[in-house]
Amino acid sequence: MADAVKNQDYVDPRPPVVGPGLDFRSITQKIADIVLMRGFKKGWVFGFAIVFLGSIMLFNTIAYLVLKGVGIWGNNIPVGWAFDIINFVWWIGIGHAGTLISAILLLLRQSWRNSINRFAEAMTLFAVACAGMFPALHTGRPWVDYWLFPIPNTMQMWPNFRSPLMWDVFAVTTYFTVSLLFWFMGLIPDFASLRDTAKKKWQKILFGILAMGWRGDAKHWHRYETAYLLLAGLSTPLVLSVHSVVSFDFATGIVPGWHTTIFPPYFVAGAIYAGFAMVLTLAIPVRKYYHLEDFITLRHIRNCCKVMLATGLIVAYGYLMEQFFSWYSSSTYEMFMMKNRMFGPYGYMYWILILCNILIPQLLWWKKMRDNLAVIFIICMFINVGMWLERFVIIVMSLNRDFTPSAWYMYRPTIFDFTMFFGTVGFFLTCMFLFIRFVPMIPIFEMKTLLPEAQVDEKKVEDLENGKAPVGATPLPQFGD
Amino acid sequence: MTTQEEPGLYGMMAEFDDPNAVVAAARRTYEAGYRKINAYSPYPIEELSEAIGYRRNYVSLTVLLFGLVGGLGGFALQAWTSAIAYPLNVGGRPLISTPSFIPITFECVVLLAALSAFVGMLAMNRLPQPYHPVFNVPGFNRASQDRFFICVKADDPNFSATGTRAFLEGLGAKEVSDVEK
């Protein structure tokens, strides 16, 4: 096959990653129009109103929380961590797919990622913002959260850098900053496209400021590409480190069910699993609503399904190993923890988790299922729920019955745990709605590089140089050439 | 030809509508002895920057240096605060407990390297730049959409208003225009 590729006889049997009939101009127009259009679509306004209510619920909960204290949540000793850390890990995990798509798939030269990377990166940013709220508010005195950072102060105190919670602070803030840079950098050339296509003066000025004078200079592109690749190269170990550090919060403790070495890889795989499920949960409706089938093709969705299938199996392996470890450890407490997890008072959650995360996604083995958007959407919903349950199972069930039965305690969330959680969902979706409307959600310049006519053909260039071919417009190659 | 500069002229801009044509034209411009050439395209074309004689940049070096600074700085910060500024005995561990300083050291490497990649790229590109003469060229707004441009700058020793125009027209440009300063 390698020879065939070299001789250009090889025809890629897979469906194309860009729809037919698109050219440089129509790509720019189709994507820019969503941003530059006048007024709002009715569906957008309706959806935005609903999710904005969710944001308001979040803000009210936070206000009440700061006023009264974390006592309004259901967690209490020994379950000192509950919804706050569950939601934190869940949101961070969702963010990971964005970085995986934008950075790791870029390094692996998976060019199909080009149409969904901007979208996934935005998802990362908003998910990490939601995640960060929980630990910041769980401190109980959010106005002194700056103590977490090594800032010289009059108390002459410094953070304890040996604590995994400090590692978390550094990992998550670095992750947010780097994701923001990566996202904004990808947007610069697209802001330039918007500046140049906008009709209204204020749009020209606004996008002109954001584009910072980008003019597509070849030397600029050269540095840009280097910087972009380096950012991708830096994000790749970063994203793996972030969820590893999150898992250290547990793994460095001695609580049964937490103290295992499998946590970092198992958490990272789970994060990617959850993140891809969230990408599809958002992309499937958006693609339909904005008619983006030419950009986010069935091939993208199928690829995402395959990634979910693979990472889902790693997660399943993690569950299996947890069982094995507790048996092999011969530790009374570990074995009791596993029994409690499966058959204890919260046991039903474990079995729902197995159903959501392991059994139902196996449907994706069938090609028919991978082509059915409704089925995929429902499976993704199950995975979203399942990954949340996984964190509940790990966190609450290990804490509520640990070493001494006299300290056992049944954890029950309060109404504020739920308003806070669903509030962040509303806040996340509010940000996504604003992003979709006001920022090009598909990278314009990266989509252009996928077009067949964008490729520089050495032979044609040489013919042109030697004057063998007529200069000027060369006929556009047809799709599938 | 003299090095005398045309007053008020930044350069001469040729417009193309095909990536192959612009790469061929850029190579011929370079072969013709012009050195102060800029090329513009709506998406990155590796061959184009090579064609105008631009092969290496210093972004990677900057990122490496700042990554090292981040790593050393991050570790030094932790060691200094934990051992000198605020010594704290945590479970009998040494004051400079290297293994538990590694995660934050790593995060500092990534943070500084990433910031330097972004800021360094912009600084070396001299961005943000609110005004640039090439925006005066009619139709240049298509450089971010579907057109490709080559600009020979007026401070090139081989530049002459008439000669360069004739040369660029000979390359098969769709349009050749003066770039006002």
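About the criteria used
- Residues numbered from 1 in each chain as written.
- Chains lettered and ligands numbered in written order.
- Predicted model: local features only at pLDDT ≥ 70, side-chain atom pairs only at ≥ 80, totals over all residues.
- Heavy atoms only, no water.
- Contact = heavy atoms within 4.5 Å.
- Buried area = accessible area lost by both parts, 1.4 Å probe.
- Salt bridge = Lys/Arg side-chain N within 4 Å of Asp/Glu carboxyl O.
- Polar contact = N/O pair within 3.5 Å; in protein donor to acceptor, adjacent residues only side chain to side chain.
- Helix = DSSP H or I, 4+ residues; strand = E, 2+ residues; numbered from the N terminus.
- Nonpolar A, V, L, I, M, F, W, Y, C, P; charged D, E, K, R; others polar.
- Buried < 20%, exposed > 50% of the residue type's maximum accessible area, 1.4 Å probe, protein only.
- Pairing = 2+ DSSP bridges.
- Core = buried A, V, L, I, M, F, W, Y, C linked by side-chain atoms within 4.5 Å.
- Domains from an automatic or database assignment.
- pLDDT = per-residue confidence, 0-100.

## Structural notes on the interface of chain B and chain A
Taken together, the contact pairs 76 residues of chain B with 66 residues of chain A. Buried surface at the junction of chain B and chain A, both sides included, amounts to about 6400 Å², of which 66% is carbon and sulfur. The interface formed by chain B and chain A contains 2 salt bridges. Taken together, chain B and chain A are joined by 25 residue pairs in polar contact (both at pLDDT 80 or more). Of all the secondary-structure elements, those providing two or more residues to the side of chain B that touches chain A are α1 (19-31), β2 (37-40), α2 (46-51), α3 (59-85) and α4 (98-124) of chain B. Among the elements that make up the side of chain B that touches chain A, the one with the highest residue count is α4(B) (17 residues). Within the side of chain B that touches chain A, the residues separate by chemical class into 46 nonpolar, 18 polar and 12 charged.

## Concerning the pairing of strand β1 (residues 9-16) of chain B
Residue and element names in this part refer to chain B. The element β1 is extensively covered by neighbouring structure, given that 8 of its 8 residues are classed as buried. One ladder, built from 6 bridges, connects β1 with strand β4 (residues 175-180); its direction is antiparallel. Bridging across to β4, M13 finds its partner in S177. Bridge count between β1 and strand β3 (residues 148-153): 6 bridges; the pairing is antiparallel. Paired with M13 across the bridge in β3 is C151.

## A short note on the nonpolar core
In this structure, F428(A), F435(A), M441(A) and F16(B) are the most contacted members of the largest nonpolar core, which totals 208 residues. A per-element tally of this core places helix α9 (residues 263-289) of chain A first, with 17 residues. Inspection of this core shows a minimum of three residues originating in each of domain 1 (9-56 + 134-180) and domain 2 (59-124) of chain B. Membership of the second largest hydrophobic core comes to 10 residues, among which are V134(B), F149(B), C151(B) and V179(B).

## Section: the confidence of the model for chain A
Looking at chain A, pLDDT values average 89 and 94% of them are 70 or higher. Residue range residues 472-481 of chain A is modelled with pLDDT below 50. Its contacts to residues more than four positions away, or to other chains, number 13 contacts.

## Some details on the environment of M432(A)
Residue and element names in this part refer to chain A. Among the secondary structure elements, M432 is positioned in helix α15 (residues 415-438). A sequence separation of 54 residues divides M432 from I378, and the C-alpha atoms of the two residues are 20 Å apart. In this view, M432 contacts F119, A122, M123, F126 and L282; residues no more than four positions away in its chain are not counted.

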